[in-house]
Amino acid sequence: MPTYVPSPDEVTAAQTPDGGWTKKQLAEWGIPWPPPQGWRKHLKAKWEGKDVQPLMRQEPDQDSLF
C-alpha cells in the first residue's frame, strides 16, 4: 500500500493531455484500475489527513454483462 498521498494540485498536474490518468500513475497512488467513482475526493480527503476507508475495485454488475 503506497504511503505517499499527492496534493490535489499534483493530481491535476499528472493529468494526461487527453484528460485522464495513466494506470501506472494511479497505481503509485494506491488507486485500483479502473479507478472507482470518487477516487479524487478520496485522495483529497487522505491528503487533508482525514481517516478514510481503502478504495475497493468496483466489479461490474453481472446483469449488465448480458
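Please refer to the structure placed before this passage.
One numbering rule holds for all chains: residues counted from 1, following each sequence as written. Owing to the predicted nature of the model, reporting of local features is limited to residues with pLDDT of at least 70; listing and counting of side-chain atom pairs is limited to 80 or more, with chain, interface and lining totals taken over all residues. Calculation of side-chain values draws on the structure's entire complement of heavy atoms; hydrogens and water are dropped beforehand.

**What to know about the overall build of the protein**
Our working rule: Here a helix means four or more residues in a row that DSSP labels H or I, a strand means two or more in a row labelled E, and each is numbered from the N terminus. Methods summary: accessible areas were calculated by the Shrake-Rupley approach with a probe of 1.4 Å, and residue burial reflects only the protein chains presented.
Along the protein, the regular secondary structure elements total three helices and zero strands. For the protein, the N- to C-terminal ordering of α and β elements is α-α-α. Carbon and sulfur atoms form 52% of the exposed surface of the protein, whose accessible area is close to 5,200 Å².

**Quick look at the packing of aromatic side chains**
Here is the rule we go by: Classification of ring pairs rests on two measures: the distance between centres of Phe, Tyr or Trp rings, Trp counted by its six-membered ring, which must be within 6.5 Å, and the angle between planes, read as stacked under 30 degrees, edge-to-face over 60 and tilted in between. With a 1.4 Å probe rolled over the protein chains alone, any residue whose accessible area is under 20% of its type maximum counts as buried; one over 50% counts as exposed, and the rest are partly exposed.
Evaluated as defined, the whole model comprises two aromatic pairs. With a centroid separation of 4.9 Å and 85 degrees between ring planes, the pair formed by W21 and W39 is classed as edge-to-face. In this pair, W21 is assigned in the loop between α1 (8–13) and α2 (23–28) and W39 in helix α3 (residues 39–47), connecting sequence segments 18 residues apart. Summarising the burial analysis for this pair, W21 and W39 share the class buried. Taking the centre distance of 6.4 Å and the plane angle of 25 degrees together, the rings of W29 and W39 count as stacked. With a gap of ten residues between them, W29 in the loop between α2 and α3 and W39 in helix α3 connect regions that are remote in the sequence. We classify W29 as buried; its relative accessible area is 8%.

**Quick notes on the nonpolar core**
Inclusion rule: Only buried Ala, Val, Leu, Ile, Met, Phe, Trp, Tyr and Cys residues count toward a nonpolar core, and they belong to the same one when joined by side-chain atoms within 4.5 Å. The contact criterion used throughout is that any non-hydrogen atoms of two residues lie within 4.5 Å.
Formed by V5, V11, W21, L26, W29, I31, W39 and L43, the largest nonpolar core amounts to eight residues. In contact with V5, not counting residues within four places along its chain, are L43, K46 and W47.

Keep in mind these numbers describe shape, not what the thing actually does.
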